[in-house]
Amino acid sequence: MVESVGWAGAVFSLSAYSLNSLNIISSQSLEYLVMNMLGCCFLIVYAVYKKAHASWVLNSIWLLMTAVALIRIFMVS
């Protein structure tokens, strides 16, 4: 079960990055930010379970940055 969570996180994160790199979605779009947040959350769960401290710290910081960007989008709207 935890392996599935890790793979789902990887798919969300890589999909967001790929779609942005191919100019299909913007790095400030709701789709990109939500995919990033889901990917980070799943990868944090996986990393905590595996006791991969550097990975969960990195993803936690990435999640925080994404949350700030998402809040800024809603404040501007």
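All values reported here derive from a predicted model rather than from experimental measurement.

Reading the values: the criteria
Residues numbered from 1 in each chain as written. Predicted model: local features only at pLDDT ≥ 70, side-chain atom pairs only at ≥ 80, totals over all residues. Heavy atoms only, no water. Helix = DSSP H or I, 4+ residues; strand = E, 2+ residues; numbered from the N terminus. Buried < 20%, exposed > 50% of the residue type's maximum accessible area, 1.4 Å probe, protein only. Polar contact = N/O pair within 3.5 Å; in protein donor to acceptor, adjacent residues only side chain to side chain. Expected span 1.5 Å × (residues − 1). Arc of directions from axis to C-beta. Core = buried A, V, L, I, M, F, W, Y, C linked by side-chain atoms within 4.5 Å. Contact = heavy atoms within 4.5 Å.

Caption draft 1: How the structure looks around unusual backbone geometry. Positive phi outside glycine occurs at N23, with the angle close to 60°. For K51, which is not glycine, the phi torsion reads 60° and is therefore positive. Among the secondary structure elements, K51 is positioned in the loop between α2 (30-50) and α3 (53-76). Accessibility expressed as a relative area gives 63% for K51, which makes it exposed.

Caption draft 2: Focus on the side chain of S29. Tracing the sequence through the fold places S29 in the loop between α1 (2-21) and α2. A distance of 2.8 Å separates a polar atom in the side chain of S29 from the backbone oxygen of S26. Looking at S29, its side chain comes within polar contact range of the main-chain nitrogen of Y32, at 3.2 Å.

Caption draft 3: Just α1, in detail. Compared with an ideal rise of 1.5 Å per residue, which puts 20 residues at 28 Å, α1 spans 29 Å between its outermost C-alpha atoms and is within 8% of the ideal. Among the residues of α1, V5, G6, G9, S13 and A16 are the ones counted as buried. Down the axis, α1 shows its buried residues gathered within 105° of arc, on one side only. Of the exposed residues in α1, the ones pointing more than 90 degrees away from its buried face are W7 and L14. Just downstream of α1 lies N23, where phi reads positive at about 60°.

Caption draft 4: Just the nonpolar core, in detail. The biggest cluster of nonpolar side chains holds seven residues, and these are A16, I25, Y32, L33, M35, A69 and L70. Those elements giving two or more residues to this core turn out to be α2 and α3. If you tally residues by element for this core, the top one is α2, at three residues. When near neighbours in sequence (up to four residues on either side) are disregarded, Y32 contacts A16, Y17, N20, I25, S26, S27 and W62.

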